[in-house]
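Secondary and tertiary structure notes
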Amino acid sequence: QVQLVESGGGLVQAGGSLRLSCAASGSIFSINAMGWYRQAIGKQRELVADIISGGSTNYADAVKSRFTISRDNAKNTVYLQMNRLKPEESAVYYCYAKKLGRSVTYWGQGTQVTVSS
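The following paragraphs examine the structure supplied in this document.

Thresholds, definitions, all that
Residues numbered from 1 in each chain as written. Predicted model: local features only at pLDDT ≥ 70, side-chain atom pairs only at ≥ 80, totals over all residues. Heavy atoms only, no water. Disulfide = S-S within 2.5 Å. Helix = DSSP H or I, 4+ residues; strand = E, 2+ residues; numbered from the N terminus. Buried < 20%, exposed > 50% of the residue type's maximum accessible area, 1.4 Å probe, protein only. Phe/Tyr/Trp six-rings, centres within 6.5 Å; stacked < 30°, edge-to-face > 60°. Core = buried A, V, L, I, M, F, W, Y, C linked by side-chain atoms within 4.5 Å. Pairing = 2+ DSSP bridges.

**Thoughts on the state of the cysteines**
- Under the defined criterion, the tally for this structure stands at one disulfide.
- Disulfide pairing places cysteine 22 opposite cysteine 95 at an S-S distance of 2.0 Å. With the S-S bond torsion at -80 degrees, the cross-link from cysteine 22 to cysteine 95 turns out left-handed. Of this pair, cysteine 22 sits in strand S3 (residues 18–26) while cysteine 95 sits in strand S9 (residues 91–99), and the two are 73 residues apart along the sequence. Accessibility assignment for this pair places cysteine 22 and cysteine 95 in one class, buried.

Here is the structure:
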């Protein structure tokens, strides 16, 4: 089992910044992908960004140039730096992890991000 613990959410004004963290523990061997999804009220969960073990990254078009995902392998932690936040990006942000060759996706409990206008 993999445990994911997110932190860093909160309330910020439009145009502000937040940094989310997600620390992985437990059976973390073979994790090759980690990233972030978000889900706003009444909407489907959507991919925000992810990072593969080799360092390649992928972003949703809506967040490119404003968000940056990074990974500290020594700390088994992935970060999401979010800049110039918009009110419509208020959502619960979920960290996820996947192992190479496995279909199971591990999820964190989510952290609320609220962007006020």
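Here the narrative resumes.
**Description of the packing of aromatic side chains**
- Taken as a whole and judged by the stated rule, the model has three aromatic pairs.
- With a centroid separation of 5.5 Å and 80 degrees between ring planes, the pair formed by tyrosine 37 and tyrosine 96 is classed as edge-to-face. Of the two residues, tyrosine 37 is situated in strand S4 (residues 31–39) and tyrosine 96 in strand S9; the sequence distance between them amounts to 59 residues.
- When the ring of tyrosine 96 is compared with that of tryptophan 107, the centres are 6.0 Å apart and the planes differ by 45 degrees; the resulting orientation is tilted. Of the two residues, tyrosine 96 is situated in strand S9 and tryptophan 107 in strand S10 (residues 105–107); the sequence distance between them amounts to eleven residues.
- In this structure tyrosine 96 comes out as buried when scored by relative accessible area, which is 7%.

**As for the nonpolar core**
- Among the nonpolar cores identified, the biggest contains 29 residues, and Leu4, Met34, Trp36, Leu80, Met82 and Tyr93 are the most heavily contacted of them.
- For this core, the secondary-structure elements that each account for two or more residues are strand S1 (2–7), S3, S4, strand S5 (46–52), strand S7 (67–72), strand S8 (77–82), S9 and strand S11 (111–116).

**Things to note about the pairing of S9**
- Where burial is concerned, most of S9 is hidden: seven out of the nine residues are buried.
- Pairing between S4 and S9: eight bridges, direction antiparallel. Bridge assignment links methionine 34 to a residue of S9, and that residue is alanine 97.
- As defined by bridge partners, S9 adjoins S11 across three bridges and the pair is classed as antiparallel. Across the sheet, residue tyrosine 93 finds its bridge partner in S11, namely threonine 111.

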